[in-house]
Amino acid sequence: FSIPLPLRNYLHNSVCFYFIACARASDLPRFVYFFCLTSLGMEGITSEADFNLRLHDITSYHMNWINERNGLEERCSKLQADSNNYLNTIDRLQGELEALKREITTVSEKERQARVKNKTLSSKLKAEEDEVRRLTLVMEHKQDHFNHELRKKERETKQHRERLSKKIMDKKPEKGWKKVQVGCS
């Protein structure tokens, strides 16, 4: 088991500060006191003022380090929360994407079916238009034939009238008979 270097340094410094505080408050052996001073980089301190100044510097450095570490932990916590939010957003968006893909597939299938139905209806419409055109031509042909037959019958009727009128005129007695005209105008 190995303690990470920053934690090891922090623990060492904390223990040294504790021993220095104890040494100043009591009669801790001088070698422990000097060992702690040396390990904190305070060798060569000769006066109490130098010691207090150096101890203040180290304490300030230590407090700055703790504040920085706390700031980094807070930032790490925020980044972790942001990361979790991003992952949740990604999951939600992926779900929405899948739903949209399914919807697109459904709409595409409906569109394809509508195109097929449209094509079928267009074919039926064309067939119906062709049938109407054919029936119209048949009706026109029958109408023409009927008109032709009607004109033919009218000519025949006219000829029969003329003949009838001529025969009536030929058989007419000399007196008392009026000329009879037969006809339907």
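In this report, the structure presented in the accompanying data block is examined. (Residues numbered from 1 in each chain as written. Predicted model: local features only at pLDDT ≥ 70, side-chain atom pairs only at ≥ 80, totals over all residues. Heavy atoms only, no water.)

Attention now goes to the overall build of the chain. For the chain, the count of helices and strands is three helices and zero strands. Secondary structure elements in the chain, listed N-terminal to C-terminal, are α-α-α. Among the 185 residues that make up the chain, the fraction classed as buried is 8%. Considering only intrachain contacts with a sequence separation of at least 6, the fraction spanning at least 24 residues in the chain is 36%. Only carbon and sulfur atoms are counted for the fraction: they give 58% of the accessible area of the chain, which is about 16200 Å². (Helix = DSSP H or I, 4+ residues; strand = E, 2+ residues; numbered from the N terminus. Buried < 20%, exposed > 50% of the residue type's maximum accessible area, 1.4 Å probe, protein only. Contact = heavy atoms within 4.5 Å. Areas by Shrake-Rupley, 256 points an atom, 1.4 Å probe, with all protein chains shown as cover.)

Tallying each qualifying case throughout the model produces eight salt bridges. Between Lys78 and Glu74 there is a salt bridge; the shortest N-O distance is 3.5 Å. One end of the pair is Lys78 and the other is Glu74, both in helix H3 (residues 48–170) and four residues apart, which spans about a single turn. Measuring nitrogen to oxygen at the nearest pair gives 2.6 Å for the salt bridge that ties Glu131 to Arg134. (Salt bridge = Lys/Arg side-chain N within 4 Å of Asp/Glu carboxyl O.)

Glancing now at a nonpolar patch on the surface. A surface patch of nonpolar side chains, about 320 Å² in accessible area, is lined by Tyr86, Leu87 and Ile90. Along the chain, Leu87 falls in helix H3. (Patch = residues over 30% accessible without salt bridge, like charges linked within 9 Å, V, L, I, M, F, W, Y side chains within 5 Å.)

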